[in-house]
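Residue strings, one per chain:
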Amino acid sequence: MSTTDNELIEALRRIAGPSHVLCDGDLAAWEQDWRKRARGKALAVARPASTAEVAAIVKACAAAGVSIVTQGGNTGLVGGSTPDASGRQLVLSLQRMTAVRQLDPENLTVTVEAGCVLQNLQDTAEKAGLLFPLSLAAEGSCTIGGNLATNAGGTQVVRYGNARDLCLGLEVVTAQGEVWNGLSGLRKDNTGYDLRNLFIGSEGTLGVITAATLKLYPRPAAQLTAWAAVPSLEQAVALLGLAHRHLGAGLTGFEVMGQFALSLVARHFPQMRVPFLDADSTPYCVLLENSDSESEDHARARFEALLETAFENGCVSDAVVAENLTQAHQLWHIRESIPLAQAEEGLNIKHDISIPVSRIPEFVRSTDALLKQAIPGVRLVNFGHLGDGNLHYNVQAPADGDAKAFLRDQEERVNSLVYDAVQRFDGSISAEHGVGSLKLEKLEKHKSPVALDLMRSIKQALDPQNLMNPGRVLRA
Ligand code: FAD
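Residues numbered from 1 in each chain as written. Predicted model: local features only at pLDDT ≥ 70, side-chain atom pairs only at ≥ 80, totals over all residues. Heavy atoms only, no water.

*Asks:* I would appreciate a short explanation of the overall build of the protein chain in the present structure.
*Replies:* Along the backbone of the protein chain there are 16 helices and 19 strands. Its C-alpha atoms give the protein chain a radius of gyration of 23 Å, within 12% of the compact-globule value 23 Å for 476 residues. Oriented by its inertia axes, the alpha-carbon framework of the protein chain measures out at about 75 × 55 × 45 Å. Looking at the 476 residues of the protein chain, the share that counts as buried comes to 56%. (Helix = DSSP H or I, 4+ residues; strand = E, 2+ residues; numbered from the N terminus. Rg over C-alpha atoms; globule rule 2.2 N^0.38 Å. Buried < 20%, exposed > 50% of the residue type's maximum accessible area, 1.4 Å probe, protein only.)

This is the structure we're talking about:
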């Protein structure tokens, strides 16, 4: 470490406290991402406890010309939350900034610090008899700051929208170390450019989100979950249309799962009982959630009417409705275990894409065929938030193949095939995970040059020294 680096570390220790600036020992938890695809070397890890400490750290780093990778729960899937290999980046972990600053039940808002774990916020809302609807499989570890920085989606988007739609205000430390207090709980505020929405989804490249004011909702009186076997993806889309018509705003979840994805759950987590695991007659299953503001009886009647029509129309060949909350959780747990089962199966190539819902069956049919022709034996893990047109269209090495060699030799080819198809179908190469470092080149290929130029201008205006998560989203 150079003298300047040592001086910076000493300055950071004075700001955050000596035990909260880590340089030695095992820093793997901060240096390696959840997928084990991105591993770097940090100059140090700083864990501030307040917005003032974050601001002071950013100022010290700016003065020393050291760039910052802000980190929440480190569950991001696109290689955006870990340092590069230079050993010259500071990891700024918000793990200690977890306070719920204010809950206003009449305004239906809550203000929390950015390091608050999503599940803790859900629990806080529940204790107040309210609902914070953002929900995703990583909710036990991911943070509100990370959710907003990536504009996370998850399983309730069909009703409540993405993280962006749930946020009313932000507090941000800028790249210059200034604090912007935009913690408004207002639902209407047309006073100029929308700074909040600029920082949301910017993946730590424009500033550090230190707190947020978020929307809360009344808790539904009843929530029912059903698991349906569908004969094809076309019928899954038809079922979605029926569900919209029958349930209206009560439709809060609509997930699709291909049989191979479910068979991985059954293989790696044999304690889970996966319904309708019969690949020949059931190529896809759908998980539906109905939230009702009246009563459980009302919810059940509406659900039964929907499923009856779906059986008559041939959209559904079999279905179960969870009898109670425990059963509902078990069904959701199966769905949420797919990424973990895939990780157990071995390294894989992930695509988090969105396509207009009406075109998804055609996209999957033609892209499956292209991949199977290009790589004999390739295994396709297909699941996702069909209600939002968002698929996790993942590619696993052939069963008898070497996963590491598959990734090394085929990743580029597979990605090009999939993303070119996404473009032909007017889709997006990143629906909810962001760009990070893993999709940077693909963004350059698939985003319009005008849009990229505008993004570069914004980055230059807000972070002229290029200190905030450089080389993520946009090339350094
Ligand atoms: P991190 O991983 O720590 O960081 C992610 C990015 O945000 C990085 O670029 C980082 O620099 C930046 N960042 C983090 N905190 C801040 C901050 N306070 N200020 C500025 N920038 C910041 N995502 C979905 O959208 N939907 C899903 O359904 C979903 N399911 C998942 C399931 C599993 C099993 C896993 C492991 C991940 C899943 N994800 C999903 C991805 C991930 O959980 C989300 O991207 C999440 O929002 C990241 O939050 P985090 O706190 O872990 O952020």
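*Asks:* What's the story with the side chain of threonine 82 in this structure? I'm lost.
*Replies:* By secondary structure assignment, the location of threonine 82 is in the loop between β3 (67–71) and β4 (89–93). Contact partners of threonine 82, with chain neighbours within four places excluded, come to Trp30, Glu31, Gln32, Asp33, Ala38, Val69, Gln71, Asn74 and Arg472. (Contact = heavy atoms within 4.5 Å.)

*Asks:* Would you mind going over the sheet that holds strand β6 (residues 109–113) with me for this structure?
*Replies:* Strand-to-strand pairing in sheets goes through backbone hydrogen bonds, with the strands running parallel or antiparallel. Spatially, the 5 strands line up as an open sheet ordered β5-β6-β10-β8-β9, and their pairing is antiparallel. If you trace the sheet from one side to the other, it starts and ends with β5 (100–104) and β9 (179–182), each paired once. Strand-to-strand twist across the sheet, computed as the mean angle between neighbouring axes with direction ignored, equals 15 degrees. Contacts between helix α3 (residues 51–64) and the sheet are confined to β5, β8 (167–174), β9 and β10 (207–215), with β8 contributing the most and set at about 40 degrees to the helix. (Pairing = 2+ DSSP bridges. Axes fitted to C-alpha atoms, helices over the stretch in contact; angles between N-to-C directions.)

*Asks:* What am I meant to see in the domain arrangement of the protein chain here?
*Replies:* Interfaces are often sized by the accessible area lost when the parts come together. Per the domain assignment, the segments making up the protein chain are domain 1 (3–93), domain 2 (100–218) and domain 3 (222–339). Placing the centre of domain 1 and that of domain 2 at their C-alpha centroids yields a distance of 23 Å. Each side of the interface is counted separately: domain 1 has 12 residues, and domain 2 has 16 residues. For the domain 1 and domain 2 pair, buried surface summed over both sides reaches about 1000 Å², with 65% attributable to carbon and sulfur atoms. On the domain 1 side of the contact with domain 2, Thr51, Val58 and Thr75 bury the most area, a combined 39% of that side's loss. The interface formed by domain 1 and domain 2 contains 2 residue pairs in polar contact (both at pLDDT 80 or more). Of the residues that constitute the side of domain 1 that touches domain 2, the class distribution is 6 nonpolar, 5 polar and 1 charged. (Domains from an automatic or database assignment. Buried area = accessible area lost by both parts, 1.4 Å probe. Polar contact = N/O pair within 3.5 Å; in protein donor to acceptor, adjacent residues only side chain to side chain. Nonpolar A, V, L, I, M, F, W, Y, C, P; charged D, E, K, R; others polar.)

*Asks:* Explanation requested: the pairing of strand β13 (residues 251–258) in the structure shown.
*Replies:* Within a regular beta strand, the side chains point alternately toward one face of the sheet and then the other, so they alternate between its two faces. Burial runs high along β13: 8 of the 8 residues are buried. The pairing of β13 with strand β14 (residues 284–292) spans 7 bridges and is antiparallel. Residue pairing across strands places phenylalanine 254 opposite leucine 288, the latter belonging to β14. Across 2 bridges, β13 lies against strand β18 (residues 379–385) in antiparallel orientation. Along β18, the bridge assignment pairs methionine 257 with phenylalanine 383.

*Asks:* Can you walk me through the UniProt feature "domain: FAD-binding PCMH-type" (unreviewed entry) in the protein chain in this structure?
*Replies:* Here, UniProt's "domain: FAD-binding PCMH-type" (unreviewed entry) annotation points to residues 38–219. Between the end C-alpha atoms of residues 38–219 the distance is 39 Å, and the span holds 21% helix and 27% strand. (UniProt positions renumbered as here; feature names shortened; annotations may be inferred.)

*Asks:* Teacher, can you tell me more about the nonpolar core here?
*Replies:* Soluble globular proteins: nonpolar side chains tend toward being buried together. The biggest cluster of nonpolar side chains holds 56 residues, and the ones touching the most others in it are Phe132, Ile144, Leu148, Leu170 and Leu214. The element that contributes the greatest number of residues to this core is α3, accounting for 6 residues. Built from parts of two domains, this core gets at least three residues from each of domain 1 (3–93) and domain 2 (100–218). The contact partners of leucine 170, leaving out residues within four places of it in the chain, are Leu148, Trp180, Asn181, Gly182, Leu183, Arg196, Phe199, Ile200, Ile209, Ala211 and Ala212. Core analysis: the next-biggest nonpolar cluster, separate from the first, contains 50 residues, Ala226, Val237, Val256 and Phe363 among them. (Core = buried A, V, L, I, M, F, W, Y, C linked by side-chain atoms within 4.5 Å.)

*Asks:* Can you walk me through the site of the ligand in this structure?
*Replies:* Around the ligand sit 35 residues in total, of which Thr70, Gly72, Thr75, Gly76 and Thr143 are the nearest. For the ligand, an oxygen atom lies 2.6 Å from a polar atom in the backbone of threonine 70. Here an oxygen atom of the ligand and a backbone polar atom of glycine 146 are 3.4 Å apart. Burial of the ligand by the protein amounts to 96% of the accessible area it has alone, namely 980 Å². At the level of secondary structure, the elements contributing two or more residues to the shell around the ligand comprise β3, α5 (144–149) and β10. (Near = heavy atom within 4 Å. Areas by Shrake-Rupley, 256 points an atom, 1.4 Å probe, with all protein chains shown as cover.)

*Asks:* I would appreciate a short explanation of the state of the cysteines in the present structure.
*Replies:* What makes a disulfide is a covalent bond joining the sulfur atoms belonging to two cysteines. Inspection of every chain in the model, using the stated rule, returns 0 disulfides. Cysteine 142 provides the cysteine sulfur closest to cysteine 116, a residue in no disulfide bond, and the two sulfurs are 10 Å apart. Look at cysteine 116 and you get buried, because its relative accessible area is 2%. (Disulfide = S-S within 2.5 Å.)

*Asks:* Just checking my understanding: could you explain the sheet that holds strand β2 (residues 42–46) for this structure?
*Replies:* The 4 strands are arranged β1-β2-β4-β3 in an open sheet whose pairing can be described as mixed. Two strands lie at the open edges of the sheet, namely β1 (21–22) and β3, each paired on one side alone. Note that β2 and β4 share 4 bridges and pair parallel. Counterpart to valine 45 in the pairing with β4 is valine 91. Set on the sheet, α3 makes contact with β2, β3 and β4; between it and β4 the angle comes to about 175 degrees.

*Asks:* Before we go on, may I ask you to explain the packing of aromatic side chains in this structure?
*Replies:* Two aromatic rings are characterised by how far apart their centres lie and by the angle between their planes. Within the structure shown, the criterion is met by 4 aromatic pairs. Aromatic pair phenylalanine 363 and phenylalanine 425: ring centres 5.6 Å apart, planes at 85 degrees, arrangement edge-to-face. Of the two residues, phenylalanine 363 sits in helix α13 (residues 360–374) while phenylalanine 425 sits in the loop between α14 (403–424) and α15 (440–446), which places them 62 residues apart along the sequence. One exposure class covers both phenylalanine 363 and phenylalanine 425, and it is buried. Within the aromatic cluster, the residues linked to one another by ring pairs are Phe363, Tyr393 and Phe425. (Phe/Tyr/Trp six-rings, centres within 6.5 Å; stacked < 30°, edge-to-face > 60°.)

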